[in-house]
Amino acid sequence: MASLNAFSTNAFVIECPILLATAQVIVAGPPGREVRARALLDQGSEATFISESLVLGLQKDRVQMSLTGVGGCEAGIARSATNFFIKFQLDQDFKLNVNAFVFSRLTTDLPPKDLVEFNLNVLCCVINDDLSEVIQRIWTIEEVPNATKPLKPSNEACETLFVETHTRVTNGQFQVRLPVIGKSPLVGIETRRMALGSLRHQHQRLAHDPKLAAAYTDFMKTYLKLGHMEPIPRAEVNKSRSWYLPHHAVLSKTPVHSKIRFVFDASRKTQENQCLNDFLIAGDIVKMFRQIRIVPEDQDFQRIVWFPSPSVPITDYRLTTISRCSV
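Predicted model only: the values in this text are computed from it and were never measured.

Enquirer: Looking at this model, I keep getting lost on the overall build of the protein. Mind explaining?
Expert: On a plain count of helices and strands, the protein comes out with four helices and 17 strands. Here the protein holds 327 residues, and the buried ones make up 32% of them. Residue pairs at least 24 apart in sequence account for 59% of intrachain contacts in the protein once pairs closer than 6 positions are excluded. For the protein, the exposed area adds up to about 21,900 Å²; of that, 55% sits on carbon and sulfur atoms.

See below:
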């Protein structure tokens with residue numbers, strides 16, 4: 001439960017209690033470590049958070065993530081992330097794999113006072129024989145008209161590909177094919193050389209900005225820990241039918257705070273003036289969610305190279321999820 005205070009120029013205060021949806025869950029950590037908790041369900045949240053008291057001895061990874069609230073104000077900083085399972089008491093066979101940022105405290109004590117103290121308006125419904133007919137009329141009135149504008153051929157092809165090929169893996173994530181157009185060229189060796197050159201240039205930039213360098217390294221560690229990328233076996237590094245993506249950090253500064261966004265560049269051209277975007281249906285790998293996995297046979301189209309410093313050996317990775325790419 002939360003309360004909303006509205007202030008006017010006459011210092012008039014209106015207290016409007018708001019009931020927030022919650023659920024009783026079981027947080028499962030290492031084998032034999034489980035605890036019951038109450039989850040706050042926020043449909044507007046872009047990430048999952050867990051309080052320090054519920055970490056249960058889970059392994060934590062170092063991160064640096066700012067939480068922004070109303071008005072763009074910073075509400076806190078998460079300095080670690082963890083992974084665990086959520087189970088439900090009524091269905092012990094269901095398990096949801098969750099990646100969450102750790103905060104020392106998520107809320108104040110809720111509710112602020114007993115529920116009986118609030119003046120709540122309750123709407124009661126009485127079922128009668130005509131209920132089905134009434135509901136049907138409501139749906140008819142509220143029904144959104146079908147769009148008359150036909151889909152573009154590219155959008156229709158992408159939608160058909162998703163419907164025909166998407167699956168759901170055991171941890172609940174969706175798995176999709178990349179919307180590839182035609183047959184991609186054999187540019188694995190060339191694009192790897194381009195990606196290495198770009199990475200060396202990035203390290204020259206990072207050498208003059210220790211804070212950005214630390215954030216870059218933490219991002220890559222978290223990306224690997226969360227399973228969004230995986231190392232490529234040395235025997236597969238020189239695979240010709242693959243595509244390496246240069247990557248860089250974009251720093252956005254506002255009067256309130258600075259935000260770092262990491263981008264994988266799918267628009268970088270080869271000597272034949274070709275880029276990965278030329279072989280994908282336009283716009284369908286941009287700003288997608290990293291919780292959607294790519295089928296293994298398409299992951300080699302999203303390869304990267306990385307090393308935290310020039311003194312550390314280069315490692316080749318392939319991205320396993322839909323990632324933010326530039327167009």
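Enquirer: Is there a simple way to think about the sheet that holds strand E14 (residues 293–294) in this case?
Expert: Within a sheet, neighbouring strands are paired by backbone hydrogen bonds and run either parallel or antiparallel to one another. Read across the sheet, three strands follow the order E9-E10-E14 without closing on themselves; strand pairing throughout is mixed. Only two strands of the sheet have a single neighbouring strand rather than two, namely strand E9 (167–168) and E14. Of the strand pairs in this sheet, E9 and strand E10 (residues 174–176) are connected by two bridges, and their pairing is antiparallel. Each residue of the ladder has a partner; that of arginine 168, found in E10, is phenylalanine 174.

Enquirer: Sorry if this is basic, but what is going on with the pairing of strand E16 (residues 315–319) here?
Expert: Successive side chains on a regular strand alternate, one facing one side of the sheet and the next facing the other. Where burial is concerned, most of E16 is hidden: four out of the five residues are buried. Sheet topology note: the strand E11 (residues 229–231)/E16 ladder contains three bridges and is antiparallel. Looking at the pairing, proline 231 lines up with tyrosine 317 of E16. Note: strand E15 (residues 303–306) against E16, four bridges, orientation antiparallel. Residue pairing in the sheet places valine 305 in a bridge with aspartate 316 of E16.

Parameters at a glance
- Residues numbered from 1 in each chain as written.
- Predicted model: local features only at pLDDT ≥ 70, side-chain atom pairs only at ≥ 80, totals over all residues.
- Heavy atoms only, no water.
- Helix = DSSP H or I, 4+ residues; strand = E, 2+ residues; numbered from the N terminus.
- Buried < 20%, exposed > 50% of the residue type's maximum accessible area, 1.4 Å probe, protein only.
- Contact = heavy atoms within 4.5 Å.
- Areas by Shrake-Rupley, 256 points an atom, 1.4 Å probe, with all protein chains shown as cover.
- Pairing = 2+ DSSP bridges.

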